[in-house]
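Residues per chain, in single letters:
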Amino acid sequence: EPDESVILSQMSETVNTPYSEFGAVQVGETTYYSSYSFPKEGEEEYPPRQYVKILKSEDGGETTELISFNDAERHTAHMAFNKDQTRVYYTLCDYATVVDIQCELFYRDIEEDGNFGEGIKLPNHINLSGCTNTEPNVGFDEETGLEWLFFVSDRVKGKGKLDIWASFIEEDGDFSQPFSLPINTEGNDITPFFHSGSQTLYLSSDGRQGLGGYDIYQVSKDGKNWSEASHLPVPLNSSYNDTHYVLNDGGASGFLSSNRLGSTLLEPEYEACCNDLYRFSVDVVDLDVLTYNVKDNEALAGVTLELFEITPEGEIKITQRTNPDGNDFDFELKKNKKYVILASKDGFVTLREEIDLTNPELTQSSTLERELYLIPTTVDLEVLTFNKKSMRPLPGVEVRLAIDGQEVAYQKNDNGNNVEFVLERGKKYQLIGSRVAFIPDTIIIDLTNEMEILEMEEKLLLRPKEIREFPPLLLYFDNDIPAKAKGQSRTKTNYTYGETYEAYLTQRDLFISEYTK
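Along every chain, residues carry numbers that run from 1 in the direction the sequence is written. For this predicted model, a pLDDT threshold of at least 70 governs which residues receive local features, and a threshold of 80 or more governs which side-chain atom pairs are given and counted, while totals over whole chains, interfaces and linings are taken from all residues. Water and hydrogen atoms play no part in the side-chain values, which are based on all heavy atoms of the structure.

Peer 1: So, the pairing of strand 32 (residues 406-412): which residues are in play, and what are the values?
Peer 2: Note that strand 31 (residues 398-403) and strand 32 share six bridges and pair antiparallel. Its bridge partner lying in strand 32, R400 is registered against Y410. The loop that links strand 31 with its antiparallel partner strand 32 comprises two residues; one of these, D404, has a positive phi angle of about 50°. Here, strands pair whenever DSSP counts at least two bridges between them. The way it works is that DSSP assigns letters per residue, a run of H or I at least four long becomes a helix, a run of E at least two long becomes a strand, and they are numbered from the N terminus.

Peer 1: Which residues make up the sheet that holds strand 25 (residues 314-322), and what values go with them?
Peer 2: Where strands meet in a sheet, backbone hydrogen bonds hold them as pairs that are either parallel or antiparallel. Taken together, four strands build an open sheet; the order of strands is 25-24-27-28 and the sheet is antiparallel. Either end of the sheet is taken by a strand with one partner, and the two such strands are strand 25 and strand 28 (351-356). Going across the sheet, the axis of each strand differs from the next one's by a mean of 20°, ignoring polarity. With seven bridges joining them, strand 24 (residues 304-311) and strand 27 (residues 338-344) adopt antiparallel strand pairing. If you follow F308 over to strand 27, its bridge partner there is V340. With axes taken as lines fitted to C-alpha atoms, and helix axes fitted only over the stretch in contact, angles between N-to-C directions fall between 0 and 180 degrees.

Peer 1: Can you lay out the nonpolar core for me, pointing to particular residues and giving the numbers?
Peer 2: Among the buried residues, those of types Ala, Val, Leu, Ile, Met, Phe, Trp, Tyr and Cys that are joined through side-chain atoms within 4.5 Å form a nonpolar core. To sort residues, take the accessible area from a 1.4 Å probe on protein chains only and compare it with the maximum for the residue type: under 20% means buried, over 50% means exposed, and anything in between is partly exposed. Counting 22 residues, the largest nonpolar core has L236, Y245, L256 and F280 as its most contacted members. Elements supplying a minimum of two residues to this core: strand 19 (242-247), strand 20 (253-258) and strand 21 (276-282). Looking at which element gives the most residues to this core, the answer is strand 21, with four residues. Discounting chain neighbours no more than four positions away, the residues touching F280 are V6, I7, L8, L236, Y245, V246, L247, A252, S253, G254, F255 and L256. Membership of the second largest hydrophobic core comes to 20 residues, among which are V303, L307, F329 and A343. When checking whether two residues touch, look at their non-hydrogen atoms; a contact exists if any pair is within 4.5 Å.

Peer 1: Can you lay out the pairing of strand 29 (residues 367-374) for me, pointing to particular residues and giving the numbers?
Peer 2: The alternating pattern of strand 29 places L368, R370, L372 and L374 on a buried face and T367, E369, E371 and Y373 on a face that is not buried. Judged from the eight bridges that link them, strand 22 (residues 284-293) and strand 29 form a sheet pairing that is parallel. Each residue of the ladder has a partner; that of D288, found in strand 29, is E369.

Peer 1: Which residues make up the sheet that holds strand 2 (residues 21-27), and what values go with them?
Peer 2: Spatial ordering of the open sheet is given by 2-3-4-5, a layout of four strands whose pairing is antiparallel. Lying at the two open borders of the sheet, with one neighbouring strand each, are strand 2 and strand 5 (65-66). Sheet topology places strand 4 (residues 50-57) next to strand 5; two bridges connect them, and they run antiparallel. Bridged to K56 within strand 5 is E65.

In structure tokens:
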């Protein structure tokens, strides 16, 4: 069942030679790859043995040049960059016999000017003595939050011949003890590439039933679990050897190495040797995404977008990107596929947008644009207070917000009848207004299912109390009011309510202070 949306093309003769080319990786506009086409000067072996060197091209393969740190005495191969492209891993190898090669893993830090630093050999528990350690790749594991170093080794305690191993790169830069991946077979499992965006490992194996030789497989990682290996379709796989599969971040283009029919031949009459580099792409639609704050329609920077492909097995994560300084994103989407975009940012509701590229109307053009308007997780509330009897503005109202009876906010405006609050979506509030000599008013504000509203206005209507509604009252008096008679304690007074209340008001704060002690 070939994938007819895949476009596979052989790279130019400037890149491919009668010997093997492999291990291509693209960083920005630069493509790095390994070529087995360099004889060692002064070596007396006959026929002369070829050595691997790493080259780079910045114009799509039209011109190439050797990188700066190729070793004159050893094979130099397999460049692999870490997540933020501050370090590159590679291998240095020697002939163990006339034809067999044994490799060691190294890394170099990339300096601020773009130059490569000093080569550092990985520790002995990675470069285990007596075996080969080769084909490094670095991927970010979402479950542990660490980068993993994947590599290939024929060390003991593996499952087969060559196996894929992994080691955590700790935060302090140390490497954990390596472990064999459960997807290894009794055959050879090689050329690991971990696509961090989709948490998917791609590898080549001759230990599974395939089309022939080495075939390319993919294995998804979900937490601590790995899925069953699935075989990539034709034309990515052939009945020949297909290895060194890599994807770009968006998953719509990449490289592989193969000696399939049509590859450059060292001895054409025997169809002998060798692997060529192939570039592949998928018939895609370029998606441009812009993010905005729905509250003010202004560009919203710092949003994180997660892209998922909808498959019969569920939603498979393709990539994740954050634009800290802008609101624009671009993706390459495969035609005849369905996708989901999740847009998230602290302080905003996560937005889900589905894109169905099985719809012919969406694939008539090579570009597609989506504007995503994110809703803040908060709602602005303005409260207006009125005298219910006269409907005139009522200042000095104490306005409280409560959740399940517990006060969470308080406002009072002695000079006006409006106060403001910021509410959180997903919560249910009681809004309570109270003032002396008025009946309190309460409003319920339910935001548990409200996802659209941005601003609210609520009116609290406080009815003035009638005189009959005041008693019973607690009145506080000075010690000599109402009775001024010496040594007597009277239970009745001739003072009016107004006289005693006005006297009380002049000392109200004092009474409160003393009473609350």
